[in-house]
Amino acid sequence: MSDQINAYRRKFMAGLAGVAAIATIAPSIVLREVKAKAADEASTDSVRWGLLIDTNKLTESAIDAGIEACKKRGWGDEKLSNDAQDSHWIRKVKVTDKTTRKETILPIMCQHCETAPCVDVCPTGASFKRPDGVVLVDKHICIGCRYCMMACPYKARSFVHETIENQRPDTPRGKGTVESCDLCIGKIDVGEEPACVKVSGGAIIFGDLKDPESNISKSLKEFGGTQIRADLGLNTGVRYQGI
Amino acid sequence: MFSKFLSVTSLMLLLFSLLGMSGCGSEPPEIETKIAKAVKKFDTEEQMIAHKADMRKNHMDRLLHKRDQTMHEGIRTPKYSLKKCIDCHVPAPTENKTVTHKDSEHFCVTCHEYVSVQIDCFQCHASHPDKPETATAMKPPLGLNIATEDSSTEVTQ
Ligand code: SF4
Ligand code: SF4
């Protein structure tokens, strides 16, 4: 299944190769931590965006601030949905080590899996992975079957249960479709950092996992980083330190 | 039969001329008078005419094409972006009034009501600009060049 999808994607992207070739020699591309692609350049697999979360450094209030900053993008004020139905793009999960009794609070958002189960099961192609590794839902073609919610091992996806009004221009969302953390796609496409990273006090690093000179890769090289449920072999784009 | 048609036509013509509503084609259609004016102006008259002619006929295809480009490839140029349409064609909310897709005055709604079309863009997309600053903060004029895509490099999210 995934091979088929990949083959399809390669074919699809081949049509864009011309655009990408022009873009790679464009002088406006400079090496820095968050490389904004030109606005008219298609996303390519020369980068893979990821997050590195230092759980020792990240305070609970910084997690709350991150959730608030994320909500400001336009979700979380549903009026009719109950707790189980409410959207959660980031969840706060408390884990206790049985031996050391060390308590850690983890922010869990979509892990932007390389081999994403949500993409594999989606019957319409609405759940898809962009070439730069960001997993998104194309709500125009999502039929709300919620297969992806069941497939996601991280409980990262939410279903919108009620009619939504007053959406923000950069975050379209509506009843009957599934949504999850989009890594602030509109921001990273123009070279800004995701909202939760900005308020994390330096405890969350955003960057290109494929660039060995990026801060995220350097920190991973020096201190390592754990994938939650690494046993599933999903090669997540979100990594944790201190767990 | 034919004479009846002639007499009805001449009667109508007489009525129209009496009412000062000659149907000679120089009057703008009714919808033109209703539809809200965009907040920004094009550089030249030709650009404006080309934009109108193209978008009246093709806006649905342009938007659909751009939708897929933005969603799947992350291409965020302002041209044919729904957000930019809204920024220019639906005035930013003022303290007293926010025009949403539920108002008949809303730019998109004016026409869609007129031609009895029901669209569902605004079930998910914002139907008005975010902040009052949005419209004034944009650099007028847009300088949209109908011929080339790379004419506008302004970045949108
Ligand atoms: S964390 Fe869940 S929603 Fe995100 S890519 Fe992985 S399977 Fe999909
Ligand atoms: S709910 Fe939408 S995105 Fe998820 S599997 Fe079904 S169609 Fe795909």
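Per chain, the residues get numbers from 1 upward, laid out in the order the sequence is written. Chains and ligands are labelled sequentially in the order written, the chains with letters from A and the ligands with numbers from 1. At least 70 in pLDDT is required for a residue's local features to be given in this predicted model, at least 80 for side-chain atom pairs to be given and counted, and no such filter applies to totals for whole chains, interfaces and linings, which use all residues. Hydrogens and waters are ignored; side-chain quantities use all the structure's heavy atoms.

Engineer: Would you take a moment to explain the interface of chain A and chain B for this structure?
Structural biologist: How big an interface is tends to be expressed through the accessible area that disappears when the partners come together. For this analysis, residues touch if any pair of their heavy atoms sits within 4.5 Å. Opposite the 32 residues of chain A that make contact, chain B presents 21 residues. When chain A packs against chain B, close to 2,400 Å² is buried across both sides, 55% of that on carbon and sulfur atoms. Defined in terms of a 1.4 Å probe, buried area is the accessible area two parts forfeit on being brought together, summed over both. When residues of chain A are sorted by the area they lose upon contact with chain B, Ala39(A), His140(A) and Pro169(A) head the list and together hold 24% of the total. What counts as a salt bridge is simple: a side-chain nitrogen of Lys or Arg found within 4 Å of a carboxyl oxygen of Asp or Glu. One can count 4 salt bridges joining chain A with chain B. The numbering of helices and of strands both runs from the N terminus, where a helix is a DSSP run of H or I of at least 4 residues and a strand a run of E of at least 2. Among the elements of the structure, strand E5 (135-137) and helix H6 (185-188) of chain A are those that each provide at least two residues to the side of chain A that touches chain B. The element contributing the most residues to the side of chain A that touches chain B is H6(A), with 3 residues. When the residues that make up the side of chain A that touches chain B are grouped by side-chain class, the tally is 14 nonpolar, 6 polar and 12 charged. Charged means Asp, Glu, Lys or Arg here, nonpolar means Ala, Val, Leu, Ile, Met, Phe, Trp, Tyr, Cys or Pro, and polar covers whatever is left, Gly included.

Engineer: Help me out: how do you make sense of the sheet that holds strand E9 (residues 238-241) of chain A in this one?
Structural biologist: Strands belonging to one sheet form pairs held by backbone hydrogen bonds; the direction of such a pair is parallel or antiparallel. Residues and elements named next belong to chain A. Across the sheet, which stays open at both edges, the 3 strands sit in the order E8-E1-E9 with mixed pairing between neighbours. The open sheet has two free edges, formed respectively by strand E8 (204-208) and E9, since each of these has just one partner strand. Along the sheet, successive strands turn relative to each other by an average axial angle of 20°, direction set aside. As judged from the 4 bridges shared by strand E1 (residues 49-54) and E9, these two strands associate in the parallel manner. Residue pairing in the sheet places Leu51 in a bridge with Val238 of E9. Axis lines are fitted to C-alpha atoms, over the contacting stretch for helices. Their N-to-C directions set the angle, which ranges from 0 to 180 degrees. Packed onto the sheet, helix H8 (residues 215-223) meets E1, E8 and E9 and runs at close to 115° relative to E8. One bridge is not enough; two strands pair if DSSP finds at least two bridges between them.

Engineer: Explanation requested: the packing of aromatic side chains in the structure shown.
Structural biologist: Here a ring pair, both rings aromatic, is described through the centre-centre distance and the interplanar angle of the planes. Residue and element names in this part refer to chain A. Note on aromatic contacts: the rings of Phe and Tyr and the six-membered ring of Trp form a pair at centre separations within 6.5 Å, being stacked when their planes are under 30 degrees apart, edge-to-face when over 60 apart, and tilted otherwise. The full count for this structure, using the stated rule, is 2 aromatic pairs over all chains. Taking 5.1 Å as the distance between ring centres and 25° as the angle between the ring planes, the aromatic pair formed by Trp49 and Phe206 counts as stacked. A residue pair is termed long-range when its members are at least 10 positions apart, and Trp49 in strand E1 and Phe206 in strand E8 qualify at 157 residues. Residue burial is assigned from relative accessible area. The probe radius is 1.4 Å, only protein chains are included, and a residue is buried under 20% of its type maximum, exposed over 50%, and partly exposed in between. What makes Phe206 buried here is its relative accessible area of 0%. Here the aromatic rings of Trp75 and Trp89 are separated by 5.4 Å at their centres, their planes lie at 15°, and the arrangement is stacked. Here Trp75, found in the loop between helix H3 (60-71) and strand E2 (90-96), pairs with Trp89, found in the loop between H3 and E2; they are 14 residues apart in sequence, far enough to count as distant. Trp75 gets classed as buried once you look at its relative accessible area, which sits at 3%. The exposure class of Trp89 is buried, given its relative accessible area of 2%. Whether a charge sits over a ring comes down to the Lys NZ or Arg CZ being within 6 Å of the ring centre and within 35 degrees of the ring normal. The ring of Phe159 has Arg146 lying over it, and the distance from NZ or CZ to the ring centre is 3.8 Å.

Engineer: So what exactly am I meant to see when it comes to the site of ligand 1 here?
Structural biologist: Residue proximity to a molecule or strand is established when one non-hydrogen atom of the residue lies within 4 Å of it. Ligand 1 sits among Cys110(A), Gln111(A), His112(A), Cys113(A), Ala116(A), Pro117(A), Cys118(A), Val135(A), Cys152(A), Pro153(A), Tyr154(A) and Arg157(A). A per-class count over the shell around ligand 1 returns 9 nonpolar, 2 polar and 1 charged.

Engineer: Quick question: what am I supposed to make of the site of ligand 2 here?
Structural biologist: For ligand 2, the set of nearby residues contains 14 residues, the closest of which are Cys122(A), Cys142(A), Cys145(A), Arg146(A) and Cys148(A). Classifying every residue of the shell around ligand 2 by side-chain character gives 10 nonpolar, 3 polar and 1 charged.

Engineer: Explain the confidence of the model for chain A here, please?
Structural biologist: The predicted structure's coordinates, where accompanied by low pLDDT, should not be read in detail. A residue's pLDDT is the confidence the predictor assigns to it, expressed on a 0 to 100 scale. With 86% of its residues at a pLDDT of 70 or more, chain A shows a mean pLDDT of 88. Within the model, pLDDT remains below 50 along residues 12-32 of chain A, and this stretch shows 15 contacts once partners closer than five positions in the same chain are excluded.

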